[in-house]
Amino acid sequence: MGKKRVMVPVQEVDMSAVKYQQEDIQAPHLTGFVFKLFVWIIETPLIGPLIVSFLKKQNKFDELMQNTDIPEAPMFRPEFPPQEPEPGVVMLDEEGKPEERVELALKSLPQYDPASCWNGDSSPSFRYWKIRDYAYAYRSGHATPTTVAGHIISVIKEFSSKKPAQPLLISFDAEEVRKQAAASTRRFEEGCPLSILDGIFVAIKDDIDCYPHASKGATTWMHEVRSVRKDAVCVSRLRSCGVIFVGKANMHELGLGTTGNNPNYGTTRNPHAPERYTGGSSSGPAAIVASGICSAALGTDGGGSVRIPSSLCGVVGLKTTYGRTDMGGSLCGSGTVEIIGPIASSVEDVMLVYSAILGSSLADRISLKPGPPCVPNLSCDNSNTLGSMRLGKYTEWFNDVYSTDISEKCEDALNLLSKTHGCEMVEIVVPELEEMRSAHLVSIGSETQCSLNPDCEDGKGSRLTYDTRTSMALFRSFSAANYVAAQCLRRRIMYYHMEIFKKVDVIVTPTTGMTAPKIPSSALKDGETDMHVTGYLMRFILAANLLGLPAITVPVGYDKQGLPIGLQLIGRPWAEASILRLASAIEELFAESKKRPVSYFDVLNG
Ligand SMILES: *[C@@H]1O[C@H](CO)[C@@H](O)[C@H](O)[C@H]1NC(C)=O
């Protein structure tokens, strides 16, 4: 008796009575033999489900997802109210050619000044080569895609001989890269490059199809049951712009983890600190960009997988609005929380790649009614548009981080932004964060379970990593009623956010509650489970996934150990342009304080 919990209808919630609740995760940190034993037990009939059920109770799962009366109807995919057009933008045609969109995005950037970029030592701080630097180098005869390909191939080979294995790419074919580079070089010789992205090197996460590579999702078996015959939609859009694909980037198996730990192929190292994780699941995409080897990468983000590693590796990662990019040809095409998004070392490069890949699928155009895609016009005076932006901050949440370096650096960035551009900070409250976490877990878990079940039942389940098997044991325990409850919560939490967006334009948080965690040496061979680390890494991530909102992470400095810190900007539905504009302004404030990663390669000059 007395188990039932009743929620009042969302419109009647007294916001002044909402209290911030710290996350209280009860789960063991396991590696090595004990971890393997644990997985063996939770997969044992009868006993296994009992243990999973006990762990769920400890974490208040039943209270939230089983015993609560939720008055709202389910929302099975993000549903957005119509949005006002954004000011100061350049419209892009999602049905037009990617090359033409990229050309318009290019025209929306500030003037490119080769002198300031090529005369090197005027500024003592570190600076990544941008896409426009490569473009300039190719057009001025300073370099060719073929010379750059040569440098990249030797770096990748150097990586592949490291012990223990720590690959950036898990599918790589030097001949294939040379061929693409030769074709691009020829286009430059003939004076007809396809776009500003021609000859630009990009890595594709291993759960997105990039022909002729297999898509394994970092498993050891996915290619046995699923073959790749063509590029994913996003990849083919990049290819038509002349992009050169270096191969398939390493990741946390099936995207089901936030560290990037990978016992199958080896764990990618953080370019700023090789004894630390990159964050995940897009570990390879973030690391290959942060080490300067590729200008950009595509990742997928169902629970922070683009933003977490981008933040931990000190680069920019964009989670697009749900439905903004076409998921065709990816391993996660049927879920309700995942999207494909670009990672690059600067906001302008993210913007160029985003312009190429965007465009909803036909089905999503009908059901989601996307707002027209656009980018901020950064070539005109932005001060009015920036100055009128209101930024929402939930201070108690914002400050709930592992080390105060993170909240302080993020806070400093916002103060500087207000001082420089006049943006207004507004205190907000985001209720039901715990419910949001559980609703997201049940959604992504049930959807993953649904797509993997046929292969797991077919004997592939035991060929997954122990980490994935732990997740799958949890996902199997979710009921259909849990899934529906999660969707009812999605409607509630959407309401809260749409109310917040009446008062502010953007919600700001640290991207992660922790900088790059150390890799326990005992976790390299068989992986690990550490829900405390996961909790810190996902602390601010989930609204964008459960509600489909766009979000971007932009570097704002380093903690005391020199590890990168990211600030997250969460935008209104379809408002990628607004968060790109703001991210670009923040990036500019920190341009002079960038550190060169320990693992960095100048592949433009060799
Ligand atoms: C951006 O704004 C400037 C100044 O108003 C204008 O000249 C330019 O054409 C705009 N860019 C695009 C791509 O529309």
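Each remark here, short or long, concerns the structure printed above.
The rules behind these values
- Along each chain, residue indices are assigned from 1 in the same order as the chain's sequence is written.
- Under the rules for a predicted model, residues below a pLDDT of 70 receive no local features and side-chain atom pairs below 80 are neither given nor counted, while totals for whole chains, interfaces and linings still include all residues.
- Side-chain numbers come from the whole structure's heavy atoms, not from hydrogens or water.
- Think of it this way: one heavy atom of a residue within 4 Å of a molecule or strand is enough to make that residue near it.
- Using the Shrake-Rupley algorithm and a 1.4 Å probe, accessible areas are obtained, with residue cover drawn only from the displayed protein chains.
- Put plainly, a pocket is an open set of points on a 1 Å grid over the protein atoms alone with protein on both sides within 12 Å along at least five of seven lines, a cavity is a set where a 1.4 Å probe fits but cannot get out, and a lining residue has an atom within 4 Å of a point.
- Grid points are joined across faces, edges and corners, and a volume is the space filled by probe spheres set on the points.
- A run of H or I in DSSP counts as a helix once it spans at least four residues, and a run of E counts as a strand once it spans at least two, with each numbered from the N terminus.
- In this classification, Asp, Glu, Lys and Arg are treated as charged, Ala, Val, Leu, Ile, Met, Phe, Trp, Tyr, Cys and Pro as nonpolar, and every other residue, Gly included, as polar.
- In what follows, residue pairs with any heavy atoms lying within 4.5 Å of each other are defined as contacts.
- Note on classification: 1.4 Å probe, protein chains only; a residue is buried when its accessible area is under 20% of the maximum for its type, exposed when over 50%, partly exposed between these limits.
- DSSP calls a pair of strands paired once it identifies at least 2 bridges connecting them.
- Put simply, a nonpolar core is a bunch of buried Ala, Val, Leu, Ile, Met, Phe, Trp, Tyr and Cys residues held in one set by side-chain atoms that sit within 4.5 Å of each other.

Trainee: Can you tell me about the site of the ligand, naming the residues and giving the values?
Mentor: In the region of the ligand, the neighbouring residues are Val 90, Lys 107, Ser 108, Asn 377, Ser 379 and Cys 380. Surface burial for the ligand is 46%, taken as the share of its 360 Å² of free accessible area covered by protein chains.

Trainee: Talk me through the layout of surface pockets; I want residue IDs and the actual numbers.
Mentor: Here the second largest pocket is characterised by a volume of approximately 1300 Å³. Surrounding the second largest pocket, 48 residues form its lining, Arg 127, Lys 130, Glu 587, Ala 591 and Glu 592 being those nearest its centre. At the level of secondary structure, the elements contributing two or more residues to the lining of the second largest pocket comprise helix H5 (114–118), helix H13 (347–357), strand E18 (551–558) and helix H23 (576–589). At six residues, H23 tops the list of elements feeding residues into the lining of the second largest pocket. Here the lining of the second largest pocket is composed, by residue class, of 21 nonpolar, 14 polar and 13 charged.

Trainee: Just give me the short version of the environment of Thr 385, but keep the residues and values in it.
Mentor: With respect to the helices and strands, the residue Thr 385 is situated in helix H15 (residues 383–387). Contact partners of Thr 385, with chain neighbours within four places excluded, come to Pro 87 and Arg 581.

Trainee: Which residues make up unusual backbone geometry, and what values go with them?
Mentor: Omega for the peptide link from Lys 163 to Pro 164 comes to -10 degrees, which places this bond in the cis form. Here Gly 280 and Ser 281 are connected by a cis peptide whose omega angle stands at 10 degrees. If you trace the backbone, Ser 281 turns up in the loop between strand E9 (273–277) and helix H11 (283–290). Positive phi, close to 65 degrees, is recorded for Ala 218, a residue that is not glycine. Residue placement: Ala 218 occurs in the loop between strand E6 (201–205) and helix H9 (222–225). One non-glycine residue, Trp 574, lies in the positive phi region at around 65 degrees. Considering the arrangement of structural elements, one finds Trp 574 in the loop between strand E19 (564–571) and H23.

Trainee: Account for the pairing of E6, naming residues and giving values.
Mentor: Counting buried positions along E6 gives five out of five residues, so the element sits mostly inside the fold. Taking every second residue as pointing to the same face, both faces of E6 are buried, with Phe 201, Ala 203 and Lys 205 on one and Val 202 and Ile 204 on the other. Relative to strand E7 (residues 244–249), E6 runs parallel, the two being bridged by four bridges. Residue pairing for E7: Phe 201 is matched across the bridge by Ile 244. In the sheet, E6 pairs with strand E10 (residues 296–301) via three bridges, with the strands oriented parallel. When the sheet's bridge partners are listed, Val 202 is paired in E10 with Ala 296.

Trainee: I'd like to hear about empty space enclosed by the protein, residue by residue, with values.
Mentor: A full pass over the atoms with the stated rule returns three cavities of 30 Å³ or more. Quantified by volume, the largest cavity comes out at close to 60 Å³. Along the walls of the largest cavity sit Tyr 128, Trp 129, Tyr 134, Val 289, Gly 292, Cys 294, Ser 295, Ser 345, Tyr 600 and Phe 601, which together make up its complete lining. Broken down by class, the residue content of the lining of the largest cavity amounts to seven nonpolar, three polar and no charged. Residue lining of the second largest cavity: Trp 397, Leu 433, Met 436, Arg 437, Met 538, Arg 539 and Leu 542, and that is the complete set. Of the residues that constitute the lining of the second largest cavity, the class distribution is five nonpolar, no polar and two charged.

Trainee: Explain the nonpolar core to me, using residue names and the numbers behind them.
Mentor: Within the largest apolar cluster, 171 residues are counted, with the highest numbers of intra-cluster contacts made by Leu 197, Phe 201, Leu 238, Ile 288, Leu 298, Leu 569 and Leu 582. No other element matches the eleven residues that helix H20 (residues 480–503) contributes to this core. Those residues in contact with Leu 238 that lie beyond four places of it in its chain are Leu 197, Val 202, Val 243, Phe 245, Leu 298, Val 353, Ala 356 and Ile 357. Grouped together as the second largest cluster of nonpolar side chains are seven residues, Leu 30, Val 39, Ile 42 and Val 52 included.

The values are spatial; any link to function lies outside them.
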